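Topology and contacts: notes
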Amino acid sequence: MKASAVSRRGSFRTLRPRARGVEGASGEGGNIPERSHPTHRAAERAVLVGVTLKRQRGARWDLDDSLAELEQLAVSAGAQVVGQVTQSLDRTTHSYLGKGKVAELAELGESLDYTLAVFNDELTPTQQRNLEDALQVKVLDRSALILDIFAHRARTREGVLQVELAQHEYLLPRLAGQWSHLERLGGGIGTRGPGETQIETDRRLVRGRVSRLKRELEAVRRHRTLHRGRRITAGMPVVSLVGYTNAGKSTLFNALVRASVAAEDRPFSTLDPITRRVALPGGGAALLTDTVGFIHKLPHALVAAFRATLEELSEADLLVHVVDISHRNAAEQIQTVEDTLGDLGLAEKPRLLVLNKLDLVVAADPDEPSSRPSLEGLGVEGIMVSAGQGWGLDLVLQAIEERLGGGLVRAQAGQSEVFFIE
């Protein structure tokens, strides 16, 4: 990590706030009452907090890059980021940060007027309670923020079930101490015995809800298995798009199958797998599936809840790994996806690397080398394309056809080429 980014004591950076409307402003002729109120809810003002641990120094992800991604997630969730606080520690404490840094963060509340503190790592229940007591604002960790985005984006019944299951499993260990003031203590006529505390009641209710959600998702899994069995019987190969979130998978999917799936420049625009038939150059066809994107520090509860969805990857004949080649952390994103696929038991699954957003690389400033991605030493091969501009789509289809037949296309066409990364 850069020495200037985080000192031994840590650092603080204030971000320029976005322009805010003036409440009570009158229009032409002064027809709008001075006491008018906005009908939309004001964005929460968030401070991002990150820590570099001694054992993590020299890790693949730089803290500045990780916080930049956290900011993107916070903005996607609807927050206005007003500052960042960082610290370098040998180990985290019961309040995640050192005592002095917690006090500094609390003092910043007066100058920044923030209402939300978002931490870059998953907090323990004790750390979250201690921080909320000290800061007197809402505290979220990276996992909770991602779960909130998923909950907002879920549209289908399956997506809603999967997100709700992940939220309940995340919540369960964090119920402790929340309702101690409502305990039903023993004593008096009809109340002798240990009784049941509110926290025990809540845990029982949450566990019951988790069990029901798992049963419903198991029914979804069986339904998916039935459909996969029909596809196998039909003899049509299945190709799944995988990759880091916001790498352009949905844009590539739309370009290849000529569909109109929602594709937006924000994290996790696609949660539910979508399958369409794609025509191959040789006259054959395959089924192409667009899947949910991965991300650095993806919550374990979310991976477990999306098991039925991710099983689509295990049944695919080929994985097309889509990468945002214009991103300065493209190499780290590639490795994150490969690590996640390994955790899912898919390390040996055949795959094709597609390096997307070539148009952004072409348009990049050549005098800014720090903005260009570095892919040295990966030892992988891929096809450079621009799904948005339609560059190299023919090569992708050729490569898919050849990979399904056991070969690999090596050719040139238009603005892109199949190439090797040394």
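For the structure given in this document, a descriptive report is provided here. A quick note: this is a predicted structure, and the numbers were derived from the prediction, not measured.

Turning to the overall build of the chain, a few remarks are in order. Each helix and strand counted, the chain has 12 helices and 13 strands in total. Accessible area of the chain: about 21,900 Å², with a carbon and sulfur share of 49%.

Two side chains that carry opposite charge are able to pair once their charged atoms sit near each other. In total, this model carries 12 salt bridges according to the counting rule given. In this structure, Glu 122 and Arg 174 form a salt bridge, with 3.5 Å as the shortest nitrogen-oxygen distance. Of this pair, Glu 122 sits in the loop between strand S4 (116-119) and helix H3 (125-135) while Arg 174 sits in the loop between helix H5 (157-171) and helix H6 (198-234), placing them 52 residues apart in sequence. The structure contains a network of salt bridges with shared partners spanning Glu 122, Asp 141 and Arg 174.

In this model, Tyr 96 sits at a positive phi of 70°, which is unusual for a non-glycine residue. Relative to the assigned elements, Tyr 96 resides in the loop between strand S3 (80-89) and helix H2 (99-112). At Asp 113, a residue that is not glycine, the phi angle is positive and equals roughly 55°. By secondary structure assignment, the location of Asp 113 is in the loop between H2 and S4.

Relative to the helices and strands, Lys 357 is located in the loop between strand S10 (351-356) and helix H11 (358-363). Looking at Lys 357, the relative accessible area reads 16%, which means it is buried. When near neighbours in sequence (up to four residues on either side) are disregarded, Lys 357 contacts Asn 246, Ala 247, Gly 248, Asp 324, Ile 325, Ser 326, Val 385 and Ser 386.

Take helix H7 (residues 249-257) next. Counted residue by residue, H7 has seven buried out of nine residues, so it is predominantly covered. Of all the residues in H7, the buried ones are Lys 249, Ser 250, Leu 252, Phe 253, Asn 254, Leu 256 and Val 257. The inward-facing, buried residues of H7 contact strand S6 (238-243), strand S7 (274-279), strand S8 (285-290), strand S9 (318-324), S10 and helix H12 (393-404). Positive phi shows up at Arg 258, right after H7, with a value of about 55°.

Before going further, it helps to spend a moment on the pairing of S4. With burial as the criterion, each face of S4 is covered, one bearing Leu 116 and Val 118 and the other bearing Ala 117 and Phe 119. Pairing between strand S2 (residues 45-53) and S4: four bridges, direction parallel. The residue of S4 that forms the bridge with Val 49 is Phe 119. Relative to strand S5 (residues 138-141), S4 runs parallel, the two being bridged by four bridges. In the sheet register, Phe 119 faces S5, and the bridge partner there is Asp 141.

To continue, consider the packing of aromatic side chains. Scanning all chains against the criterion turns up one aromatic pair. With 5.3 Å between their ring centres and 85° between their planes, Tyr 96 and Phe 119 make a pair best called edge-to-face. With a gap of 23 residues between them, Tyr 96 in the loop between S3 and H2 and Phe 119 in strand S4 connect regions that are remote in the sequence. Classification of Tyr 96 as buried rests on a relative accessible area of 2%. It is Arg 174 that lies over the ring of Tyr 170; its NZ or CZ is 3.8 Å from the centre.

We now examine the nonpolar core. The biggest cluster of nonpolar side chains holds 49 residues, and the ones touching the most others in it are Phe 150, Phe 268, Leu 302, Phe 306, Leu 313 and Leu 341. Sort the elements by how many residues they give to this core and helix H4 (residues 142-153) lands first, with six residues. The next biggest cluster of nonpolar side chains, apart from the first, holds 25 residues, and it includes Leu 252, Leu 256, Ala 286 and Val 354.

Put simply, helix H1 (residues 63-76) and H4 touch, their axes get as near as 10 Å, and they point 35° apart. The handedness of the crossing between H1 and H4 comes out as left-handed. Across from Ser 66, Glu 69, Leu 70, Leu 73, Ala 74 and Ser 76 in H1, the residues of H4 making contact are Arg 142, Leu 145, Ile 146, Ile 149 and Arg 153. Of the residues in the contact of H1 with H4, the class split is six nonpolar, two polar and three charged.

A few words on the environment of Leu 217. Locating Leu 217 in the fold gives a position in helix H6. Taking the C-alpha atoms as reference points, Leu 217 and Phe 306, separated by 89 residues in sequence, lie 9.2 Å from one another. When neighbours within four sequence positions are excluded, Leu 217 is seen to be in contact with Glu 158, Leu 161, Gln 162, Leu 165 and Ala 305.

Quick notes on the rules
Residues numbered from 1 in each chain as written. Predicted model: local features only at pLDDT ≥ 70, side-chain atom pairs only at ≥ 80, totals over all residues. Heavy atoms only, no water. Helix = DSSP H or I, 4+ residues; strand = E, 2+ residues; numbered from the N terminus. Areas by Shrake-Rupley, 256 points an atom, 1.4 Å probe, with all protein chains shown as cover. Salt bridge = Lys/Arg side-chain N within 4 Å of Asp/Glu carboxyl O. Buried < 20%, exposed > 50% of the residue type's maximum accessible area, 1.4 Å probe, protein only. Contact = heavy atoms within 4.5 Å. Pairing = 2+ DSSP bridges. Phe/Tyr/Trp six-rings, centres within 6.5 Å; stacked < 30°, edge-to-face > 60°. Lys NZ or Arg CZ within 6 Å of the ring centre and 35° of its normal. Core = buried A, V, L, I, M, F, W, Y, C linked by side-chain atoms within 4.5 Å. Axes fitted to C-alpha atoms, helices over the stretch in contact; angles between N-to-C directions. Left-handed = near helix turned anticlockwise from the far one by under 90°. Nonpolar A, V, L, I, M, F, W, Y, C, P; charged D, E, K, R; others polar.

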